[in-house]
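The lines below spell out each chain.
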Amino acid sequence: MRTSISRLLQLTPLISALCLAGLPIAGANAADGRLADSAIDNILEGMESQSPINIRSDNTYFGRLSPLHFNLSSGTDLSVINNGSPSAESTIRANIDPGEGSLTVDGKTYSLAQFHFHEPSEHLENSKPAPMEMHLVFANADNLVVVGRLVNEGSFNNALGPIFSDLPETVTETKSIDNFNLNSLLPDRMETFRYTGSLTTPPFTEGVQWINFAQPMEMSATQIQAFETLFPEGNARPVQPLNGRIILTDLPGFVSSAPEPETYVMLLAGLGLILLVGNSKNKKHTANIGFMNPVNCGSAA
């Protein structure tokens, strides 16, 4: 029997927690713990809010967004694992001990569980990928927030040096990193792109709040190559249709043109309807948009 989409949405926190903890999920292959293609097809049927997406100047609205309050340890221990290279559904992941990092936005606090990497980037900006992308995964009892940051080729990244100088090559290896400063993963500027999407690996759970930093980080060609060696075919999911979802940014100058006043009014009305009619057919996967807090959406400054 096929699992209904409404039931899957009810199970979103549980499924997401299983993914974060690396626990088995019903429908997974017993040999490697991965979901069978048939199970993935059933999950994806009817889902309309998938990630990643192409963030373009002509599909994004400018506005003042809710501030982000990070509370991250400046000297924590990391447990770095390889959860299945060269599989495209795998990555290099740094697990974080509980209590070592959190994000508060719109009065809700999420704990940092782990951060990991994709090559090339999963999100595009104006149809262009970056060499890599980093995801910091935050969670609470009700929801997931993924904070993304593109990685460009440039200078050597000293903060990530201890990780990328000795990446675990198999699932049996675990690398321990001492005294890692999590604040080094944040940019100097806090402008972001925000939208509601999904996990980018099975089971592609929706209702995930995405906050992508506009300012990329840099890693050297040697550091990027070390990751590419483990994932020669890459480990990035292709971009998914936007399906009418709203992307907001507080990055001045990114939005190519301002919406007309009546479009602005319709945008705010639409956001209100999403919140009030979260179970309607066209909006049923976009109820968790409070983190975007659209204020003064309109012309780019």
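Residues numbered from 1 in each chain as written. Predicted model: local features only at pLDDT ≥ 70, side-chain atom pairs only at ≥ 80, totals over all residues. Heavy atoms only, no water.

A. Geometry of the side chain of Ser 51. Inspection of the secondary structure puts Ser 51 in the loop between α3 (37-44) and β1 (54-55). Given a relative accessible area of 0%, Ser 51 falls into the buried group. If we skip the residues at most four places from it in the chain, Ser 51 touches Tyr 195, Gly 197, Ser 198, Leu 199, Thr 200, Trp 210, Arg 237 and Gln 240. (Helix = DSSP H or I, 4+ residues; strand = E, 2+ residues; numbered from the N terminus. Buried < 20%, exposed > 50% of the residue type's maximum accessible area, 1.4 Å probe, protein only. Contact = heavy atoms within 4.5 Å.)

B. Here's a closer look at the pattern of salt bridges. A complete count under the given rule lists four salt bridges for this structure. When the shortest N-O distance is used, the salt bridge between Arg 56 and Asp 58 registers 2.7 Å. Classification of Arg 56 by relative accessible area gives partly exposed; the value is 31%. Linked through salt bridges whose partners overlap, the residues forming this network are Asp 166, Glu 173 and Lys 175. (Salt bridge = Lys/Arg side-chain N within 4 Å of Asp/Glu carboxyl O.)

C. Looking closely at the confidence of the model for the protein chain. In the predicted model, the protein chain carries a mean pLDDT of 81, and the fraction of residues at 70 or more is 70%. A low-confidence stretch, residues 259-265 stays under pLDDT 50, and its non-local contacts, those more than four residues away or across chains, total six contacts. When the criterion is pLDDT under 50, residues 273-290 qualifies, and its contacts beyond four places in sequence or with other chains add up to 35 contacts. (pLDDT = per-residue confidence, 0-100.)

D. Representation of the nonpolar core. With 38 residues, the main nonpolar core has Leu 78, Phe 115, Leu 160 and Ile 163 as its most contacted residues. Discounting chain neighbours no more than four positions away, the residues touching Leu 160 are Phe 115, Phe 117, Phe 180, Leu 185, Met 217, Met 219 and Gln 223. In terms of nonpolar packing, the next biggest core, distinct from the first, is built from 14 residues, Ile 53, Leu 144, Tyr 195 and Trp 210 among them. (Core = buried A, V, L, I, M, F, W, Y, C linked by side-chain atoms within 4.5 Å.)

E. Quick look at the packing of aromatic side chains. As enumerated under the stated definition, the model contains nine aromatic pairs in all. Ring geometry for Phe 227 and Phe 231: centres 4.8 Å apart, planes at 25 degrees, overall stacked. Phe 231 carries the same exposure label as Phe 227, and that label is buried. Through pairs of rings, three or more aromatic residues link up here, namely Phe 115, Phe 117, Phe 164, Phe 180, Phe 227 and Phe 231. (Phe/Tyr/Trp six-rings, centres within 6.5 Å; stacked < 30°, edge-to-face > 60°.)

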